[in-house]
2 protein chains.
Amino acid sequence: MSTYKRVHNFNAGPSILPEPVLLQAQAEMLDYQGTGMSVMEMSHRSKEFEAIIQTAEADLRELLGIPQNYKVMFLQGGASLQFAMLAMNLRPAGASADYIVTGAWSRTALKEAQKLGTTRVVFNGEGENFTRLPEPAELQFDPNAAYVHFCHNETIHGVEFKSEPVVPEGVPLVCDMSSDFLSQPVDVSKYGLIYAGAQKNAGPAGVTIVIIREDLLARVPEKMPVMLDYKVLAESGSLHNTPPCYAIYITGLVLKWLKNLGGLNAMYEINREKSEMVYRAIDESGGYYRGHARPEARSIMNIPFRMASEELEDLFVKEAKKADLIGLKGHRSVGGLRASLYNALPVASARALVEFMKDFQQRHG
Amino acid sequence: MSTYKRVHNFNAGPSILPEPVLLQAQAEMLDYQGTGMSVMEMSHRSKEFEAIIQTAEADLRELLGIPQNYKVMFLQGGASLQFAMLAMNLRPAGASADYIVTGAWSRTALKEAQKLGTTRVVFNGEGENFTRLPEPAELQFDPNAAYVHFCHNETIHGVEFKSEPVVPEGVPLVCDMSSDFLSQPVDVSKYGLIYAGAQKNAGPAGVTIVIIREDLLARVPEKMPVMLDYKVLAESGSLHNTPPCYAIYITGLVLKWLKNLGGLNAMYEINREKSEMVYRAIDESGGYYRGHARPEARSIMNIPFRMASEELEDLFVKEAKKADLIGLKGHRSVGGLRASLYNALPVASARALVEFMKDFQQRHG
Ligand SMILES: Cc1ncc(COP(=O)(O)O)c(C=O)c1O
Ligand SMILES: Cc1ncc(COP(=O)(O)O)c(C=O)c1O
Ligand SMILES: [Mg+2]
Ligand SMILES: [Mg+2]
Ligand SMILES: [Mg+2]
Ligand SMILES: [Mg+2]
């Protein structure tokens, strides 16, 4: 266990985890705190696992300042299952929901909701290739909408909201926060529901965090399958059935790491530093690298960018990989390049990327 | 990492994993095979993870002899989500499904299916406290049933089918195999669909294995949420969205361990040996320990038993725990005691339990 190789990991998700988290998980793999068992081998009803899940929830509440009238759930199925569940639970029969479409993920969320009932598209950035966010004046909401859905950070197109859209009084704001969850402080009280697949900033794939304002649980219709029923899941403390115990344990370790680091304000400063470094490298390349998103919409987490040709982009990925810079290929749906700079990515890795970009340009520019 | 404590782990699920699996996971935690990443940090679209999931599927196919016309899926949501999904996918509008109810789990599966459509209960063992299985003559199936559902092993009541119920020609047999999956050979060709939460014999909590005969995918209705749609999930190779990567990786290691051990025939012999040992201890106790299930229905995986009083049972659990025998309390819904003897439980642990039972009887009998 003495030495091991580690790379600069720019994967978009699943993605890099903090090294101290992995070291602790490694040390505890066969014997969690003297129990003589791995966390994977413990009953989800044991007092040890209850402490793990309750501590994770408490730490998450502390980090995000989650108000008392919100429930926290650790679910399975990914953010993709939430696309359907939130519509099934929060949109009563006959009602319509408003969707803001700013990239591939909010478009997919819309598609799932359309299958199951009525939706209205309030904004659609597709015609501009998802390079920008809506201006406030462009957003004319339905005052009777069951909810307004948006995606806080589009992982593929790299556009990120800087503040929440202002919705009509009484209409709950529902947000896919998968790819910038825990990257910065959030005022949870502005939201009806926040969901996030853990596999970017919060933990490994296999657990999805849902934060819901309690009064919305009254909307859950009768005869819902229990595993799709927010009320059942929230009231059981995510223990209606066997939860993804190990993924929750790792998430708990990540939350402790975040707290030790100083919480979300401290994390945000680091994330800004890393992303500014990379955007500067793009902007100072004289057009050799071209960012996808308009500057005012730029994400601090995911930076998609292009070069003059696909051949050059392929060469970039290939040479980067040789230099142990991993995961820089753009999403298969848009091509190009993408650097994801999640919480656990060290500043040194962002610096290594910037150095590599400059060097590559000198050699091939 | 030199020494670690391990207990005799009789948990009902999540439950014990093979020690070599945990040791390998531990060694690879920070650097999977020279990639410089944990499996938790790898893209689910990377060639490394594709190899992991494809190898897991190939090994599962080999172990179970899964015919070519079956698809394998690694899903999220637990067996509990399958209770609803199988009904949503396989029972066309207006059709009815037959249910054999032999314990708490098949009763729960029935309940979920009842919410969503028409069911018929072919057998219900509840009046006899779920101590036995139906005789073939008791099973009068609906020849037009969309499917027949049964639970191969009732984890809580400890009754296990020795052979499949014989259903009418053309009616698919659907089976919850969660708690004896991979404990013994199975003729998959008799089934339309088999599902199993991994957290007993196959791996950690957080992944559910579903094996489906391909022709049944034609039944999937229009407008299903993608994450509930067997057709989408099967055709994407479980990669429609981010799968529970680490749970699949551990499952893959367990499957390799099973293969090295000699496959399901070898495993079955060991499981028989362990369970016979414990049943013998019960039968030879002169009524001091009383098995729940009738002898001909006894499970080789889960052995629920009682003692003369709850006080004695509590004392048994307490003293067992002091002797590092863990997880012997019965399910909270039925009380008493339960020993789960899953694949990964060493014969030595079954022996330790038997010794403890004898000793306890001598001291308190
Ligand atoms: C913003 C966003 N939403 C949803 C998803 C889908 O998540 P999952 O794969 O967990 O279903 C992703 C995946 O990358 C994402 O980035
Ligand atoms: C036979 C059986 N079916 C279903 C379940 C429910 O599984 P899950 O918790 O994965 O939903 C269990 C859980 O113990 C079980 O033993
Ligand atoms: Mg993505
Ligand atoms: Mg991950
Ligand atoms: Mg159980
Ligand atoms: Mg487990």
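Residues numbered from 1 in each chain as written. Chains lettered and ligands numbered in written order. Predicted model: local features only at pLDDT ≥ 70, side-chain atom pairs only at ≥ 80, totals over all residues. Heavy atoms only, no water.

1. With respect to the overall build of chain A
Applied cut-off: Only DSSP runs of H or I covering at least 4 residues are called helices, and only runs of E covering at least 2 are called strands; the numbering of each starts at the N terminus. As a reference, a globule follows 2.2 Å times the number of residues to the power 0.38, and the radius of gyration itself is taken over C-alpha atoms. When a residue's accessible area, from a 1.4 Å probe over protein chains only, is under 20% of the maximum for its type it is buried; when over 50% it is exposed; and in between it is partly exposed. In this description, contact between two residues means that some pair of their heavy atoms is separated by no more than 4.5 Å. Computed with the Shrake-Rupley method and a 1.4 Å probe, the accessible areas treat only the protein chains shown as cover for residues. Neither His nor the chain termini are counted; the positive set is Lys and Arg, and the negative set is Asp and Glu. Note that the charge is assigned to NZ on lysines, CZ on arginines, CG on aspartates and CD on glutamates.
In terms of helices and strands, chain A carries nine helices and 12 strands. In terms of overall size, chain A behaves like a compact globule, its C-alpha atoms giving a radius of gyration of 21 Å where 365 residues would be expected to give roughly 21 Å. By principal-axis analysis of the C-alpha atoms, chain A measures approximately 65 × 55 × 30 Å. Relative to its full complement of 365 residues, chain A shows a buried share of 63%. For chain A, restricting intrachain contacts to residue pairs at least 6 apart in sequence, the fraction spanning at least 24 positions comes to 68%. Surface exposure of chain A reaches about 13400 Å², of which carbon and sulfur atoms provide 50%. Side chains of chain A carry 37 positive and 42 negative charges; the gap between the two charge centres is 3 Å.

2. Topic: the site of ligand 2
Applied cut-off: Any residue with a heavy atom positioned within 4 Å of a molecule or strand is treated as near that molecule or strand. Between N or O atoms, a polar contact is any pair within 3.5 Å; within protein, one atom must be a potential hydrogen donor and the other a potential acceptor, and residues adjacent in sequence are included only when both atoms are from side chains.
Lining the immediate environment of ligand 2, one finds 15 residues, of which Thr242 of chain A together with Ser80, Thr155, Asp176 and Lys200 of chain B sit closest. Nearby residues place ligand 2 at the junction of chains A and B. Contacts to ligand 2 include Ala79 of chain B, whose backbone N or O atom sits 3.1 Å from an oxygen atom. Between ligand 2 and Asp176 of chain B there is a distance of 2.6 Å, counted from a nitrogen atom to a side-chain nitrogen or oxygen. For ligand 2, whose accessible area on its own is 400 Å², the fraction buried by protein is 96%. When residues of the shell around ligand 2 are assigned to their parent elements, the largest contribution, four residues, is made by helix H3 (residues 78-90) of chain B.

3. Observations regarding the sheet that holds strand S9 (residues 290-291) of chain B
We apply this condition: Any two strands between which DSSP finds at least two bridges are classified as paired.
Pairing is antiparallel in the open sheet, where three strands are placed in the order S9-S10-S12 (chain B). The sheet terminates laterally at S9 and strand S12 (337-340) of chain B, the two strands that pair on one side only.

4. Some thoughts on the relation of the copies chain B and chain A
To be explicit about the condition: The atoms used to superpose the copies are C-alpha atoms, taken from residues with pLDDT of at least 70 in both, and the fit is least squares.
The operation relating chain B to chain A is a screw motion whose rotation component is 180 degrees, with 0.0 Å of axial translation and a residual RMSD of 0.0 Å. Such a turn and shift between the copies fits a two-fold axis. A high fraction, 100%, of the interface residues of chain B reappear at the interface in chain A, so the copies pair face to face through one surface.

5. Quick word on the domain arrangement of chain A
Residue and element names in this part refer to chain A. Selection criterion: Segmentation of the chain into domains, including their bounds, is taken from an automatic or database domain assignment. Throughout, the accessible surface (probe 1.4 Å) given up by two parts as they are put together, summed over both, is called the buried area.
Here chain A is described as being made up of domain 1 (22-261) and domain 2 (262-364). Relative placement of domain 1 and domain 2: their C-alpha centres are 27 Å apart. Between domain 1 and domain 2, the residue contacts involve 29 residues of the former and 27 residues of the latter. Carbon and sulfur atoms supply 58% of the area buried between domain 1 and domain 2, which totals about 2300 Å² over both sides. For domain 1, the biggest contributors to the area lost against domain 2 are Thr131, Ile156 and Leu261; these three give 23% of the whole. If you list the elements that add at least two residues to the side of domain 1 that touches domain 2, you get helix H2 (47-64) and helix H6 (245-261).

6. Quick look at the UniProt feature "binding site: L-glutamate" (unreviewed entry) in chain A
Using the following cut-off: UniProt positions are given in the numbering used here, feature names are shortened, and annotations may be inferred rather than shown by experiment.
UniProt records the feature "binding site: L-glutamate" (unreviewed entry) for Arg45 of chain A in the present numbering. When you line up the elements, Arg45 of chain A lands in the loop between helix H1 (19-27) and H2. For Arg45 of chain A, a relative accessible area of 32% puts it in the partly exposed group. Filtering out sequence-adjacent residues up to four positions away, Arg45 of chain A remains in contact with Glu50, Leu239 and His240 of chain A together with Arg332 of chain B.

7. With respect to the confidence of the model for chain A
Our working definition: Every residue is assigned a pLDDT by the predictor, reflecting its confidence on a scale from 0 to 100.
Per-residue confidence for chain A gives a mean pLDDT of 97, with 99% of residues at or over 70. Overall fold confidence for the complex sits at a pTM of 0.98, while the interface term, ipTM, reaches 0.98.

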